[in-house]
Amino acid sequence: MAYITHEVVPLNRTEHGYVAIEGLASTMVQPYLLRLNAPVDVALVRRVVRELVALCPRLRACVEPGLHRYHLRILPEGPLIDQMFDLAFRVEPHVDIDDAAALQAWHTLLLNEVLPLERGLGLRVRFVPHPQRPVIVLAVPHLLADGMTMVQLVSQLLRGLNGLPMAAMPIEAPSMLGAIAPEHWWQWPRQVWRSRAHKVAERARLRTLCVQQLPTRLGAHYSTTALRHHEVPTPTADLRRAARALGVSLNTLLIAALAQTFLDQAPDDPQAAAVIRISVNLRRHYPASAGHGPLWGNHVGAFLVIEQGAHKPWAERVKSVGAAIQEGQARYARREMAWTYLWEELMPWLGRTLIGHIGVKMKRANRFPQISAHATSLGDAGVVNPPGAALRAEQLIGTVNSISLLPVLTELDGRLSLPTSWQLSETSVADVADFHARFDAVLARLVTEVAPA
């Protein structure tokens, strides 16, 4: 097992998983697309990104095998990084970024790019010049950065482009066990028992339900990850007005609308259920006494929101979804997630080959958990723009290679977008387009019924 130094960084359990399934499901690349509000010089973009690589050691990391487990090795600054950066940074003026279909197709290609994780760099940057609104894509494997880290990287990039100083990324690699461990050792039995009881009850409930999904044709192999850009017609101001009228947050309202979109597929089936996986930022759950910093890397948990009853009124729907979200988050705060995560902490000791083998067998037997979607949120993406900056992102499309339907809820400048990635071999583009149209209709209906202008 590796111990953290200025060169070697141990992987946590999630990162071991990304290493193990890289062959099965490809590199889990996160290509974040930024549309800027003004032209910018190519030389400036290149210089700022190169400085960002120097300041952020994880961007210079490669995966290295130890005696049994893998770890990250931070490559030293110098000619080696310069050579790799020449490959990682590319200007692509031929892309017609004013053509929405062409922009989406190009973004999809970047989403499916395979990166040399064991050689480096774990980074791809593409720049498309434009006389008014150029585009930058910053693509980093999930192995090196979660969504919160990606938002921070984009924020630093925009600071640099505006001539502001960029912050260095400290190297930290605590075990994710710190985010679930109870405060005292003698609390372990009780917390593990409560965690197991919840998981057993959840599995028993899921066995009785008909999980609503988009039309899905499962196969023995993963293929291309598809991507569909989508902007919701309803302004976020109207959605916030509806959320206030119902007494919930905008995020709860949107998750409720997603659940309703799936439940509308089987309105008369009492066993129909929308099962939505929700990501949780674990950073807030590490004890303050541990003295951790910003924890750039991967520190994400998840829980399920299980919603039934297609004909619930909106007040009841958002109350039910809000209670499920609060309870899922509260289980982390109460340290009642130990049962599942303790088993996951043991997984890396099986080794990359065995974990990968288990993944292949599960895929061939269609044993991966059945969910409606894995919904994640970037929240208000306006936080990436430095206050008062002249150069700013007027569009941000964050996505990631995914083995399940993955919509990313993103708000920016009063607009809500829902870029969605999924396995193209399992679900057609037409079916996802229909899903987006039905989601738009649900939001429009919600606003009309709850908070008409």
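Residues numbered from 1 in each chain as written. Predicted model: local features only at pLDDT ≥ 70, side-chain atom pairs only at ≥ 80, totals over all residues. Heavy atoms only, no water.

### A look at the sheet that holds strand β1 (residues 8-10)
Okay, so step 1: Strand order in this open sheet of 3 strands is β1-β4-β3, and the pairing throughout is antiparallel. Whereas interior strands pair on both sides, the edge strands pair on one side only; in this sheet they are β1 and β3 (61-65). Within this sheet the neighbouring strands show an average axis-to-axis angle of 35°, counted without direction.
Okay, so step 2: Pairing analysis gives 5 bridges linking β3 to strand β4 (residues 70-74), with the strands arranged antiparallel. If you follow A61 over to β4, its bridge partner there is I74. (Pairing = 2+ DSSP bridges. Helix = DSSP H or I, 4+ residues; strand = E, 2+ residues; numbered from the N terminus. Axes fitted to C-alpha atoms, helices over the stretch in contact; angles between N-to-C directions.)

### Examining unusual backbone geometry
Backbone phi values are negative for most residues with the exception of glycine, while trans is the configuration of most peptide bonds.
Okay, so step 1: In this structure, the amide linkage connecting G120 to the following residue, L121, adopts the cis form with an omega of -10°.
Okay, so step 2: With respect to the helices and strands, L121 occurs in the loop between α4 (100-111) and β6 (124-128).
Okay, so step 3: One non-glycine residue, S26, adopts positive backbone phi at about 75°.
Okay, so step 4: Take S26: it is sitting in the loop between α1 (13-25) and β2 (29-36).
Okay, so step 5: The residue L295 is not glycine, and still its phi comes out positive at about 60°.
Okay, so step 6: Note on placement: L295 falls in the loop between β10 (272-281) and β11 (300-308).
Okay, so step 7: The exposure class of L295 is buried, given its relative accessible area of 2%. (Buried < 20%, exposed > 50% of the residue type's maximum accessible area, 1.4 Å probe, protein only.)

### With respect to the packing of aromatic side chains
Okay, so step 1: In total, this model carries 5 aromatic pairs according to the counting rule given.
Okay, so step 2: Consider the rings of F85 and F89, whose centres lie 5.8 Å apart with planes at 20°: the pair is stacked.
Okay, so step 3: Residue F85 is classed as buried on the basis of its relative accessible area, which comes to 2%.
Okay, so step 4: Plain terms: the ring middles of Y332 and Y341 are 6.2 Å apart, the flat faces sit at 40° to each other, and that makes the pair tilted. For the residue pair Y332 and Y341, the accessibility class agrees, reading buried in each case.
Okay, so step 5: The residue whose ring lies beneath R50 is F85, and the NZ or CZ to ring-centre distance is 5.9 Å. (Phe/Tyr/Trp six-rings, centres within 6.5 Å; stacked < 30°, edge-to-face > 60°. Lys NZ or Arg CZ within 6 Å of the ring centre and 35° of its normal.)

### Here's the deal with helix α3 (residues 79-88)
Okay, so step 1: Within α3 the residues assigned to the buried category are I81, M84, F85 and A88. Projected down its long axis, α3 carries its buried residues within an arc of 105°, all on one side. Pointing more than 90 degrees away from the buried face of α3 are the exposed residues P79 and Q83.
Okay, so step 2: Contacts from the buried residues of α3 go to α2 (42-55), β5 (89-91) and β6. (Arc of directions from axis to C-beta. Contact = heavy atoms within 4.5 Å.)

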